[in-house]
Amino acid sequence: MGSIRVLLLAGVIAGFAGGAALAAGSGGGGGMSLPSESGPSYDPAEEYAKALAALDARDFKAAARSAQRVTDAVPQNLDGWKLLGAAQTGAENWKGARRAYERAIKIAPDDLNARGGLGMALARLKDPKARDQLDWLKARSASCGAGCNAELLRSLTAELERALAEPTAPSARLDQPLILADAGDAAYLDAVGLINEGRYEVALARLDAARAAFGPHPDVLTYQGFAHRKLGRFEVAEGFYRQALAAAPDHRGALEYYGELKVERGDLVGARRMLARLERACTYGCAEAETLRSWIDAGGGPGR
Amino acid sequence: MDRRRRRARALSRIRSAIGLTLALTASGALASDTPTPLRAMAWLAPGADLAAALGRQPTECLLKPDDPALARSIEIGRAAFRDPLLLGGQAARAGLSCESCHAGGRDNPHFRFPGLSAGSGTADVTTSLFSRVRGNGVLDPKPIPNLAGPRAALKTPVTALPAFIRGLVVEEFDGAEPPAAVLKGLSDYVSALDPAACPSARDEPVSLAGHLADVRRALAAAATAIDPQTAERMVGAARAALFRIDERYQALPAETRALRAAARRLAALQAAARTGAPGLDQGIEIWLTDSQSLERRLAAREAQSLYVPAHLTRLRRDRP
């Protein structure tokens, strides 16, 4: 089965120091198209990296500008909104922070950082609804079991309580670097290995960590879609493939896997649409298009 | 290393690991990890002399048989040998073809694929990197044999070649089962590589003319193919051969635009071939006629292209 094989192999490659061969393969694999021929005017993953760097440098206005571009390009991406929230918090634009965190919570109602961030923004705005967030965090702490980040909950709760008591005190949290790229890198490589072993749930958790570092990077999003798909969560998978394609409309892997997902759902018309896009993206032909085509021809995964 | 570079490095590793296309605008933080300028640079030993490794290639030692049917079969094999899409999975995605290792049908002393090679000119073709079926769990790279070397030095008897090559494509490289005529072509091609047919020069410049000839020969093979599947693969091989010209003209936007337009027309021919629609020969003929002006235009700018060794040596190396 073509696609999983790619991932299996990618897992092997990831284990080698400096697997540069495939970096080139990806760009020049016979279907190169000029970035200027397509794609958004801002690259969301790059804007995300810029926003992170600006946050580190405490240039919150620049961070907010870049984060805004991320959310404009990929509005369904949780990390973009959280980053925008953090940037606005740093810039003390509490209304902006509130809006960003509200959007984040819409996408992920259980995101602790987004809940904490919204609570903080509301506290600064002296909005009594800040209490709701505090209550939510406390309820979460009470039922915090396996897989729940008790320590983070504790610190968010404490900070929100402080802010409610003294709404003008400076926030301590922004003094710590938000996310480390190296940590994201390690998480990503872990995730590839886990997918390799078929441990999709654990892989997804690691991919979340990677995504926090890299933002809406189409490769990471494509992998998330793949893991969800393998777990049978087609709708969630679709969401990630769509985000990947919003970030990079010609992303070959995302087009292929999204097309395969459509085949699995029996949507051959939709799959053919993906194939047509893939063919446009691969001027000189590419394995992704060939693989998807064989899925469509077989009406399911070929040779599974 | 500052954070920005670290992040770019990390992204680069991600990109490497996943091996997927990134249609990203290359600038800023990502500038340091854009793909290598020429695809083959990705499997070049570090420190390799770029002008030698990318500017020259071993000459091909190909017998010309009297039997026209055999000659046609050899041409089919020759095109397939150079087509990355013959191989499947990660090899195809990386852009590797038989010819990446067996340059000009011989060997490739510059070949070094991370995780696949021990030293330059070696490769492990039984690694799970490329194959689930034959992955043996140990890295045991072997020297890439010169397929045009003395027969006695080769391990595989000519009679065993068809089965051997099918195993290579389908099992070692996880490729889809190729049409029978393509498999036959590959073994006919490999059997026709012979020291007696070697030109006096051991190597020659990589040139526009050579790459254009590859395109034309693949299309001629498409026109002679008896089944639509083989014809389709041959048009695909011609399309893949055009890419090798494209990357050498990457600094010349007008030429690459024209090349891409020509490639899209080949893609349309390939789609027609796939359905077995009649008129492929005619379509190929028209394409070849139309491409003459493109060929002239490319030739006029060859001095500015990456076919020129002096330009090659200025390429940025993108290896960690």
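Scoring rules and cut-offs
Residues numbered from 1 in each chain as written. Chains lettered and ligands numbered in written order. Predicted model: local features only at pLDDT ≥ 70, side-chain atom pairs only at ≥ 80, totals over all residues. Heavy atoms only, no water. Helix = DSSP H or I, 4+ residues; strand = E, 2+ residues; numbered from the N terminus. Buried < 20%, exposed > 50% of the residue type's maximum accessible area, 1.4 Å probe, protein only. Contact = heavy atoms within 4.5 Å. Disulfide = S-S within 2.5 Å. Salt bridge = Lys/Arg side-chain N within 4 Å of Asp/Glu carboxyl O. Polar contact = N/O pair within 3.5 Å; in protein donor to acceptor, adjacent residues only side chain to side chain. pLDDT = per-residue confidence, 0-100. Phe/Tyr/Trp six-rings, centres within 6.5 Å; stacked < 30°, edge-to-face > 60°. Axes fitted to C-alpha atoms, helices over the stretch in contact; angles between N-to-C directions. Parallel < 35°, antiparallel > 145°, perpendicular 65-115°, else oblique. Left-handed = near helix turned anticlockwise from the far one by under 90°. Core = buried A, V, L, I, M, F, W, Y, C linked by side-chain atoms within 4.5 Å.

Draft legend 1. Up close: the overall build of chain B. In terms of helices and strands, chain B carries 12 helices and four strands. Counting the 320 residues in chain B, one finds 54% classified as buried. A separation threshold of at least 6 residues defines the contact pool for chain B, and within that pool the share at least 24 residues apart is 68%.

Draft legend 2. Up close: the state of the cysteines. Evaluated as defined, the whole model comprises two disulfides over all chains. In this model Cys 282 of chain A forms its disulfide with Cys 286 of chain A; the gap between the sulfur atoms is 2.0 Å. One quick way to see it: the torsion about the S-S bond of Cys 282 of chain A and Cys 286 of chain A is about 70 degrees, and its sign makes the bridge right-handed. Accessibility classification places Cys 282 of chain A together with Cys 286 of chain A in one group, the buried group. In this model Cys 61 of chain B forms its disulfide with Cys 198 of chain B; the gap between the sulfur atoms is 2.1 Å. Between Cys 61 of chain B and Cys 198 of chain B, the disulfide has an S-S torsion of 95 degrees and is therefore right-handed. Placement of the pair is Cys 61 of chain B in the loop between β1 (56-58) and α3 (68-81) and Cys 198 of chain B in the loop between α7 (180-192) and β4 (203-205), with a sequence separation of 137 residues.

Draft legend 3. Structural view of the pattern of salt bridges. All chains considered together, the criterion is met by 33 salt bridges over all chains. A salt bridge links Arg 297 of chain B to Glu 255 of chain B, with the shortest nitrogen-to-oxygen separation between them at 3.8 Å. Separated by 42 residues along the polypeptide, Arg 297 of chain B in helix α11 (residues 280-300) and Glu 255 of chain B in helix α10 (residues 253-274) bring together distant segments of the chain. Residues joined in a network through salt bridges with shared partners are Glu 279, Glu 290 and Arg 293 of chain A together with Asp 83, Glu 232, Arg 233 and Arg 274 of chain B.

Draft legend 4. Focus on the side chain of Gln 270 of chain B. All names here are of chain B. Within the element layout of this structure, Gln 270 appears in helix α10. Residue class for Gln 270 comes out buried when judged on its relative accessible area of 2%. A distance of 3.0 Å separates the side chain of Gln 270 from the side chain of Glu 232, its partner in a polar contact. In this structure Gln 270 touches Glu 232, Arg 233, Val 235, Gly 236 and Arg 239, once residues within four positions along its chain are discounted.

Draft legend 5. How the structure looks around the environment of Met 234 of chain B. With respect to the secondary-structure elements, Met 234 of chain B resides in helix α9 (residues 228-248). Every residue in contact with Met 234 of chain B, bar those within four places of it in the chain, is listed here: Ile 76, Ala 79, Ala 80, Val 182, Ala 218, Ala 221 and Ala 222 of chain B.

Draft legend 6. Representation of the environment of Ala 51 of chain A in the model. Note that Ala 51 of chain A resides in helix α3 (residues 44-56). When the C-alpha atoms of Ala 51 of chain A and Gly 117 of chain A are compared, they prove to be 17 Å apart, with 66 residues separating the residues in sequence.

Draft legend 7. Looking closely at the confidence of the model for chain B. All names here are of chain B. This prediction gives chain B a mean pLDDT of 84; 82% of its residues lie at or above 70. The element-level mean pLDDT for chain B is lowest in helix α1 (residues 3-18), coming to 38, with α3 highest at 98. In this model residues 1-34 is a low-confidence stretch, pLDDT under 50, and it forms 97 contacts with partners more than four residues away in sequence or in other chains. ipTM for the predicted complex: 0.84, alongside a pTM of 0.72.

Draft legend 8. Representation of the packing of aromatic side chains in the model. All names here are of chain B. Scanning all chains against the criterion turns up six aromatic pairs over all chains. Ring centres of Phe 111 and Phe 113 lie 6.3 Å apart, and the angle between their planes is 25 degrees; on these two criteria the pair is classed as stacked. Each member of the pair, Phe 111 as well as Phe 113, carries the same accessibility label: buried.

Draft legend 9. Looking closely at the packing of helix α8 (residues 208-224) of chain B against α9 of chain B. Residue and element names in this part refer to chain B. Relative to each other, α8 and α9 sit at 165 degrees, their axes nearing to 7 Å. The orientation of α8 relative to α9 falls into the category roughly antiparallel. Handedness of the crossing formed by α8 with α9: left-handed. Seen from α8, the contacting residues are Leu 208, His 211, Leu 212, Asp 214, Val 215, Ala 218, Leu 219, Ala 221 and Ala 222; seen from α9, they are Ala 231, Met 234, Val 235, Ala 237, Ala 238, Ala 241, Leu 242, Arg 244, Ile 245 and Arg 248.

Draft legend 10. A look at the nonpolar core. Residues and elements named next belong to chain B. By size, the foremost hydrophobic cluster in this structure holds 55 residues, and its most contacted members are Leu 242 and Ile 245. Secondary structure elements with two or more residues in this core: α3, α6 (161-172), α7, α8, α9, α10 and α11. Looking at which element gives the most residues to this core, the answer is α9, with nine residues. Ignoring any residue separated from it by four or fewer positions in sequence, one finds Ile 245 in contact with Leu 208, His 211, Leu 212, Val 215, Leu 259, Leu 298 and Tyr 307.

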